[in-house]
Amino acid sequence: MTQKKLIIALAGNANVGKSVIFNYLTGLHQHIGNWPGKTVERAEGTLSFKGYTIDIVDLPGIYSLSTYSLEELVSRKYIAVERPDLVINVVDASVLERNLFFTLQLMELETPMIVALNQVDIAKRKGIEIDTEKLEQLLGVPVVQTVATKGIGISQLLEMAIKAIEKGQTTRREVRYGEEVEERIAKITETLQGIQFYYPRRYVAIKLLEGDEEIAREIAKLAPQAVNTAKELTGEIENLHGHACSTVITSERYEVAGRVARQAQKLVPPLKPTAEERLHNLTTHRIAGYLIMISSLLLIFYAIFTFGNYTSDLLSNLLNRLEPLSTNLFGTGIVGSLVWGGVAEGLIAGVTVALPYIIPFYIVLYFLEDSGYLSRIAFLMDNAMHKIGLHGKAFIPMMLGYGCNVPACLGCRIMETKRERTLAAFVTTLVPCAARTVIILGLVGRFIGIQWALVLYVFDLFVIFALGRLAFRVLPGEPSALIMEMSDYRRPDLKTVLKETWFRLAEFIKIAFPLIIVGSLVIKAADVFGLLNPVANLLSPVTVAWLGLPVITGITLIFGVLRKELSLILLAALLAPTGLQALTPVQMVVFTLVAMFYIPCVATISALVRELGGKKALFITLFEIAFAIILGGVALRVLTLFT
Amino acid sequence: MSSKGVEDYLKALYILSRNGEPISTTEIAEHFKIAPASVTEMLKKLAKKGYVKYSPYHGAHLTSKGFQVAEKIARKHRLLERFLHDVLRIREDKVHSEACEMEHALSDEAEESLCRFLKHPDLCPDDSKIIPACDLPFSTCEECVELHKKDFEESGRRQQIPVSISQLKKGERGKVSFIRGEHKVLQRLSDMGLTPGTEVTVVKSAPFHGPLEILVRGSRLALGRGMTEIIFVEAEKE
């Protein structure tokens with residue numbers, strides 16, 4: 001029997017457990033990419049069930065199908081144009097009304113669908129009891145209760161999905177608005193007769209009334225009179241209600257969602273606040289909240305660095321043992337040193353940085369995100385981030401930056417506007433990542449004293465603040481304020497966390513590794529062909545005359561572009577036999593300052609290119625080079641005054 | 001001379017006058033920041049129309065006809081200041097110049113409505129000057145309210161002045177009245193459930209003027225200060 005193919009899409013609000021269901025359904029058969037030409041993520045997976053091969057597409061978590069964000073637009077178009085066989089709408093039972101608002105919009109798209117009423121356990125604890133049958137009847141759509149984190153209801157959900165597809169769906173109710181709106185929807189629908197369009201006519205009529213730009217643009221090509229009629233009617237509704245027409249329609253849609261929710265759910269609020277509630281109050285408390293945040297962040301960093309340092313050493317020892325093998329195979333000639341010193345060492349560098357620091361970092365990050373704690377941190381930090389024109393959410397990529405700037409830059413995607421993404425990415429590249437921490441601790445911390453290393457850290461914060469403010473002033477556009485849901489705390493799903501980590505890691509490897517290897521090869525080649533010393537001499541006006549550093553730092557700083565801590569490791573090697581002690585304390589501080597700021601590493605640059613485009617990435621890179629050189633020179637002169 | 005000019009002059013004399021003593025030309029000149037010579041000329045014109053009594057070297061003072069006009073305009077000015085400040089949330093130091101422009105265009109009827117809408121304020125916001133009483137045939141403000149209550153409800157105007165949600169204190173509730181902002185922000189906020197008429201509860205605010213935590217339709221939202229200042233609610237009374 002040949003397997004029949006089906007496509008099922010998962011749609012729903014953010015934080016409703018959609019990705020947990022997705023993971024349950026597809027296991028490891030997943031593929032994460034981007035929507036064609038968009039920076040919106042597309043997760044896809046497959047499973048076999050009852051003789052079907054089912055493709056599951058996990059749509060981004062969104063609150064509406066308007067055109068507020070790219071995610072919303074992509075989701076809407078996907079459902080309308082590619083017409084999956086079924087949409088599973090994942091609904092958070094504990095926030096039914098707001099979730100149904102989205103369900104109603106899916107229904108308006110006239111797509112075959114079923115509802116997964118998820119997190120019923122959390123709802124129950126909050127005293128919300130939902131009558132599934134009643135809800136089914138009110139929506140005219142099958143509803144299955146699930147607790148995805150425990151795998152409850154998933155197979156019933158799948159069975160219901162197949163049944164719905166096989167039977168074909170006819171029972172769906174229509175969302176009815178007030179008479180004044182319905183009349184006008186009818187009028188517009190009339191003008192749309194005979195037009196072939198991927199959205200249903202009624203949907204188009206509603207969206208035209210809402211002033212949806214994308215649909216108005218498309219329809220203007222097919223039926224310009226419809227757009228004009230809609231404009232007129234929009235004005236009429238606005239006069240009638242004294243509010244924007246889109247607000248009127250959203251309002252009425254919410255009215256329907258509220259009515260359905262009230263009829264289907266029974267509310268018995270618990271007498272005592274739930275454990276989640278108490279945890280929320282504690283973690284957002286004006287004093288305790290900050291204490292908890294700071295101590296948990298410190299603990300996390302400490303744990304990650306300890307683990308990272310240990311594993312990193314272990315791995316590099318292990319991998320460096322392979323050198324004789326390479327020598328045996330390729331010899332010690334030009335080919336041999338290019339293979340080992342170029343390709344292999346680049347690879348080792350990548351492995352020893354990526355695996356030990358980034359993996360635990362991602363795991364912790366997704367734990368924090370999945371549990372809901374990240375949104376509380378954003379809440380607490382919103383005000384501080386505002387000083388540099390960003391809102392609380394930007395604190396998350398910045399925090400990531402302390403581990404590695406690459407995922408941090410990629411993480412800037414969570415910012416809503418282009419301006420904020422640019423600003424956040426720029427600020428993030430100034431955050432001292434694990435590699436820069438190695439330099440700070442390994443040079444200043446070790447030879448001058450840990451307190452001086454701390455001073456550099458604090459100084460870094462100051463630079464972030466100052467340059468962030470500067471960029472905030474220079475970049476055109478208005479800062480936007482925070483609008484964020486703080487969903488209830490919940491137990492993170494380990495499998496989902498690990499999977500997220502794995503896919504992020506794969507993304508990082510894909511971006512960073514080729515560059516690290518190529519870069520390492522190029523520099524090794526330059527070394528083999530004796531080009532390094534001339535380059536170092538070429539740089540000496542900057543390194544020696546202006547910064548007061550030894551000539552060879554020119555070379556090490558070039559290597560540092562690949563990986564920041566390489567600049568230190570190499571410096572130690574080149575200064576042999578005295579080692580790093582050959583530097584004066586002032587030189588150490590100057591070198592560390594320059595290494596901290598002088599350029600984002602090659603992998604970060606590629607992440608910047610990917611997120612912001614080449615022009616902005618180049619600008620940021622050049623700016624930071626200039627900034628570090630100026631800063632280093634000034635620091636040298638100031639510090640010499642005091643010593 | 002325009003009516004605006006006349007009104008401005010009379011208002012100045014009204015403000016500067018003390019116990020009916022004549023006000024000197026130099027004082028008026030300083031007030032308007034113009035030359036004393038042009039003040040003299042103006043005063044002569046106003047005297048001709050019967051608004052002021054002017055005698056050279058002594059200065060000028062308002063006649064009862066002038067006083068009436070001046071008081072009316074001062075009242076309009078100060079009511080407008082209250083409106084601009086309390087309802088539109090325009091900064092205190094900006095309301096004066098704004099009101100100066102608007103006072104001349106405000107009809108007596110609108111002035112009356114404004115007074116009721118603002119619940120008969122006594123003082124103006126920027127310098128706490130007393131707002132002169134109206135010249136309507138009511139002995140008390142309650143009488144005026146009673147008489148107009150019916151039209152008031154029928155016309156569906158708000159009984160209460162909407163305030164931005166950032167004005168609500170911890171634990172206070174309100175109903176969304178309107179949201180000021182560009183289309184996208186409006187869309188986003190209403191998509192999150194903040195539509196007109198929706199009840200919102202302020203749970204708490206983060207320290208140092210941080211974001212506000214609110215409950216809306218059973219969900220918990222964090223709204224940055226920029227957002228809370230554009231959402232206007234009718235506060236619910238305890």
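Draft legend 1. Broad picture of the side chain of B:Thr25. Residues and elements named next belong to chain B. Positionally, Thr25 belongs in helix α2 (residues 25–32). Among the residues examined, Thr25 registers a relative accessible area of 16% and is labelled buried. Residues in contact with Thr25, not counting those within four places in the same chain, are Pro36, Val39 and Thr40.

Draft legend 2. Layout of the pattern of salt bridges. Residue and element names in this part refer to chain B. Counting across every chain of the model gives 34 salt bridges over all chains. Residues Glu111 and Arg75 are paired through a salt bridge, measuring 2.6 Å at the closest nitrogen-oxygen approach. Taken together, the residues Glu111 in helix α6 (residues 108–117) and Arg75 in helix α4 (residues 64–87) connect sequence positions 36 residues apart. Residue classification places Glu111 among the buried residues on the basis of a relative accessible area of 2%.

Draft legend 3. Expanded view of helix α8 (residues 201–209) of chain A. Residue and element names in this part refer to chain A. The buried fraction of α8 is high, at eight of nine residues. When we look at burial in α8, the residues that qualify are Arg202, Tyr203, Val204, Ala205, Ile206, Lys207, Leu208 and Leu209. Once α8 finishes, Gly211 follows within two positions and takes phi at roughly 75 degrees, a positive value.

Draft legend 4. Representation of the interface of chain B and chain A. If you look at the interface, chain B gives 34 residues, while chain A gives 39 residues. Both sides of the chain B and chain A interface together cover about 3,200 Å² of buried area, and 57% of this is carbon and sulfur. Looking only at chain B, the three residues that lose the most surface to chain A are B:Arg188, B:Arg217 and B:Arg220, adding up to 23% of its buried area. The tally of links between chain B and chain A comes to four salt bridges. Of the charged contacts in the structure, one is a salt bridge between B:Arg220 and A:Glu277, with a shortest N-O distance of 3.6 Å. For the side of chain B that touches chain A, the secondary structure elements donating two or more residues are β4 (173–179), α8 (183–191), β5 (199–205), β6 (212–216), β7 (219–223) and α9 (225–228) of chain B. Ranked by residue count, the leading element in the side of chain B that touches chain A is α8(B), at eight residues. When its residues are assigned to classes, the side of chain B that touches chain A shows 14 nonpolar, 13 polar and seven charged.

Draft legend 5. Region of the structure containing the packing of aromatic side chains. Following the criterion strictly, the structure yields 13 aromatic pairs over all chains and no others. An angle of 70 degrees between the planes, with centres 5.7 Å apart, marks the rings of A:Phe197 and A:Tyr199 as edge-to-face. Of the two residues examined, A:Phe197 and A:Tyr199, each falls in the buried class. Relative to A:Phe627, the ring of A:Phe597 has its centre 5.7 Å away and its plane inclined at 85 degrees; by these criteria the two rings are edge-to-face. Highlighted residues: A:Phe597 in helix α26 (residues 585–597) and A:Phe627 in helix α28 (residues 614–642), separated in sequence by 30 residues. Grouping residues by exposure puts A:Phe597 and A:Phe627 together as buried. Grouping aromatic residues by their ring pairs yields a cluster made of A:Phe197, A:Tyr198, A:Tyr199 and A:Tyr203. Between the NZ or CZ atom of A:Arg376 and the centre of the ring of A:Tyr489, over which it lies, the distance is 4.2 Å. Against the face of B:Tyr51 rests B:Lys65, its NZ or CZ located 4.8 Å from the ring centre.

Draft legend 6. Region of the structure containing a nonpolar patch on the surface. Residue and element names in this part refer to chain A. On the surface, Leu322, Leu325, Leu329, Phe330 and Val335 cluster together into a nonpolar patch covering about 510 Å² of accessible area. With three residues, helix α14 (residues 323–330) is the single largest residue contributor to the nonpolar patch. Mapped onto the secondary structure, Val335 falls in helix α15 (residues 334–371). Its relative accessible area of 54% is what places Val335 among the exposed residues.

Draft legend 7. Molecular detail of the pairing of strand β1 (residues 52–55) of chain B. Residues and elements named next belong to chain B. Side chains of β1 alternate between two faces, with Val52 and Tyr54 buried and Lys53 and Ser55 left unburied. Inspection of the sheet shows β1 paired to strand β2 (residues 59–62) by four bridges, in the antiparallel sense. Looking at the pairing, Ser55 lines up with Gly59 of β2. Between β1 and the antiparallel strand that follows it, β2, lie three residues; Tyr57 among them carries a positive phi value of about 70 degrees.

Draft legend 8. Main features of the sheet that holds strand β3 (residues 163–164) of chain B. Read across the open sheet, the seven strands follow the order β10(A)-β7(B)-β6(B)-β5(B)-β4(B)-β8(B)-β3(B); overall the sheet is antiparallel. Since the sheet does not close on itself, it has two edges, and those belong to β10 (483–485) of chain A together with β3 of chain B, each with one partner. Where β5(B) meets β6(B), five bridges bridge the pair, whose relative direction is antiparallel. Counted as the bridge partner of B:Val200 is B:Val216 from β6(B).

Draft legend 9. Highlighting the packing of helix α21 (residues 450–474) of chain A against α26(A). Residues and elements named next belong to chain A. Between α21 and α26, the least distance of the axes is 12 Å, while the angle of their chain directions is 40 degrees. When the axes of α21 and α26 are compared, the pair comes out oblique. Regarding α21 and α26, the two cross each other, and that crossing is right-handed. Together, Leu456, Phe459, Asp460 and Val463 of α21 and Thr592, Leu593, Met596 and Phe597 of α26 make up the contact between the two elements. Of the residues assigned to the contact of α21 with α26, the class counts are six nonpolar, one polar and one charged.

Draft legend 10. Spatial organisation of the confidence of the model for chain B. Residue and element names in this part refer to chain B. Summing up the model confidence of chain B, the mean pLDDT is 80 and the portion of residues at 70 or higher is 81%. Per-element mean pLDDT across chain B ranges from 55 in helix α7 (residues 141–154) up to 95 in β6. Scored below 50 in pLDDT, residues 150–158 shows nine contacts in the model against residues more than four places distant or in partner chains. Interface confidence for the predicted complex, expressed as ipTM, amounts to 0.83; the pTM equals 0.75.

Draft legend 11. Here's a closer look at the nonpolar core. All names here are of chain A. One finds Met293, Ile377, Met385, Leu390 and Phe597 to be the most contacted residues of the largest nonpolar core, which totals 102 residues. It is α26 that contributes the most residues to this core, 10 residues altogether. The contacts of Met385, once residues within four sequence positions are left out, are Leu390, His391, Gly392, Ala394, Phe395 and Met398.

Draft legend 12. Focus on the pairing of β4(B). Residues and elements named next belong to chain B. Bridging between β4 and β5 involves three bridges; their strand directions are antiparallel. By the bridge assignment, Arg173 is partnered in β5 with Thr201. In terms of strand pairing, β4 meets strand β8 (residues 231–235) through five bridges, oriented antiparallel. If you follow Ile179 over to β8, its bridge partner there is Ile231.

Draft legend 13. Layout of the sheet that holds strand β1 (residues 4–12) of chain A. Residue and element names in this part refer to chain A. On the basis of which strands lie adjacent, the open sheet formed by seven strands has the order β2-β3-β4-β1-β5-β6-β8 and mixed pairing. Here the strands that pair on one side only, and so sit at the sheet edges, are β2 (30–34) and β8 (143–145). Averaged over all pairs of adjacent strands, the angle between their axes in this sheet comes to 25 degrees, without regard to strand direction. Bridge analysis of β2 against strand β3 (residues 41–49) gives five bridges, and the strand direction is antiparallel. Across the sheet, Ile32 pairs through a bridge with Ala43, a residue of β3.

Definitions and limits used
Residues numbered from 1 in each chain as written. Chains lettered and ligands numbered in written order. Predicted model: local features only at pLDDT ≥ 70, side-chain atom pairs only at ≥ 80, totals over all residues. Heavy atoms only, no water. Helix = DSSP H or I, 4+ residues; strand = E, 2+ residues; numbered from the N terminus. Buried < 20%, exposed > 50% of the residue type's maximum accessible area, 1.4 Å probe, protein only. Contact = heavy atoms within 4.5 Å. Salt bridge = Lys/Arg side-chain N within 4 Å of Asp/Glu carboxyl O. Buried area = accessible area lost by both parts, 1.4 Å probe. Nonpolar A, V, L, I, M, F, W, Y, C, P; charged D, E, K, R; others polar. Phe/Tyr/Trp six-rings, centres within 6.5 Å; stacked < 30°, edge-to-face > 60°. Lys NZ or Arg CZ within 6 Å of the ring centre and 35° of its normal. Patch = residues over 30% accessible without salt bridge, like charges linked within 9 Å, V, L, I, M, F, W, Y side chains within 5 Å. Areas by Shrake-Rupley, 256 points an atom, 1.4 Å probe, with all protein chains shown as cover. Pairing = 2+ DSSP bridges. Axes fitted to C-alpha atoms, helices over the stretch in contact; angles between N-to-C directions. Parallel < 35°, antiparallel > 145°, perpendicular 65-115°, else oblique. Left-handed = near helix turned anticlockwise from the far one by under 90°. pLDDT = per-residue confidence, 0-100. Core = buried A, V, L, I, M, F, W, Y, C linked by side-chain atoms within 4.5 Å.

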